[in-house]
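Take a look at the letters that make up each chain.
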Amino acid sequence: MEYQNLLIEQKEDIRIITIHRPQDLNALNTELLSELDCAFADASADAETSVIILTGEGKSFVAGADIAQMSTMDAAEAKAFGEFGADVFRRIETMEKVVIAAVNGYALGGGCELAMACDIRIASSKAKIGQPETGLGITPGFNGTQRLPRLVGLGRAKEIILAAETIDAAEAYRIGLFNKVVEPDQLMDAAMALAKKIASKAQLAVRYSKEAMNGGADGSFEGGMALEANLFALCFATEDQKEGMKAFMEKRPAEFKSR
Ligand code: CO8
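Residues numbered from 1 in each chain as written. Predicted model: local features only at pLDDT ≥ 70, side-chain atom pairs only at ≥ 80, totals over all residues. Heavy atoms only, no water.

A. Quick peek at the site of the ligand. Around the ligand lies a shell of 24 residues, among which Lys-59, Ala-63, Ala-65, Ile-67 and Gly-110 are the nearest. Interatomic distance of 2.7 Å between a backbone N/O atom of Ala-65 and an oxygen atom of the ligand. Burial of the ligand by the protein chains amounts to 64% of its free accessible area of 1,100 Å². Taken together, the elements giving at least two residues each to the shell around the ligand come down to helix H2 (67–70), helix H3 (75–94), strand E6 (106–108) and helix H4 (110–117). Among the elements that take part in the shell around the ligand, H3 stands out by supplying three residues, more than any other. Classifying every residue of the shell around the ligand gives 13 nonpolar, six polar and five charged. (Near = heavy atom within 4 Å. Polar contact = N/O pair within 3.5 Å; in protein donor to acceptor, adjacent residues only side chain to side chain. Areas by Shrake-Rupley, 256 points an atom, 1.4 Å probe, with all protein chains shown as cover. Helix = DSSP H or I, 4+ residues; strand = E, 2+ residues; numbered from the N terminus. Nonpolar A, V, L, I, M, F, W, Y, C, P; charged D, E, K, R; others polar.)

Here it is as structure tokens:
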């Protein structure tokens, strides 16, 4: 598919999706959200892709939902737009493959929400992240009110959302919103290194581990225990489990086949 707002690169089994709408600092309009949905569905279906890196072109990761588009919406249109974006982000969050956000610059509003829907966030030291919505007369609409408290705790999330705060990369790292902060010119290398490390592991085990963590985070501890027990058992029906343990005992690197 031809994208107007995305650049797609494949480096071995790593798919890099770059948001490219630089004239509006990669703000999310309906077209861009639809393209993201397609690009992630395509990466999900591609047997050659193990891990996806999502980043932005220029000084912004995503500077939020498109304020120009939202400015003329009525309540019904806003509801449809919010739900569409939230569904796209949820599909990214729950896809089987791991998604790493390489946060290169501003990640504001919908941009913060998109980064939070990714599994892991590696950031440039120049990145800035926050939820400016209350300063625009709205609440977060792509589930920032739900994901931010889960990531940084309710008290810190309330401070950021209620005061419409934007924080720098060091502070975001300190509170656990960014996993790692590197110099801007090291960002893609750091994201690639982590992607390759994850891609070198048994992909079914990676997938089940993600599913267990997501499922547990959304439900009760007992529900998470049952989910993990089932997924753990399922690993023993894979060739990769046999190969991983055999390789350990034979003191050699494992050769996983995602089977
Ligand atoms: N939407 C539309 N256009 C944008 C956006 C945006 N979010 N952000 C920047 N732009 C545009 C600017 O209008 C400007 O366009 P032009 O050159 O035509 O005037 C261009 O990008 C460059 O921006 P600036 O000149 O402002 O660049 P600066 O470097 O001076 O500032 C900032 C960078 C600080 C990032 C600044 O652009 C800014 O504050 N942007 C808005 C950030 C923001 O408030 N984001 C949150 C938006 S609300 C949201 O995301 C809600 C999500 C849930 C939606 C659910 C809907 C129902």
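B. Highlighting the sheet that holds E6. Strand order across the open sheet formed by four strands is E4-E6-E8-E9, with mixed pairing between neighbours. Each of the sheet's edge strands pairs with one partner strand only, and the pair in question is strand E4 (60–62) and strand E9 (166–168). Averaged over neighbouring strand pairs, the angle between their axes works out to 20 degrees when direction is ignored. Relative to strand E8 (residues 128–130), E6 runs parallel, the two sharing three bridges. What sits directly across from Tyr-106, in E8, is Lys-128. Set on the sheet, H4 makes contact with E4, E6 and E8; between it and E4 the angle comes to about 75 degrees. (Pairing = 2+ DSSP bridges. Axes fitted to C-alpha atoms, helices over the stretch in contact; angles between N-to-C directions. Contact = heavy atoms within 4.5 Å.)

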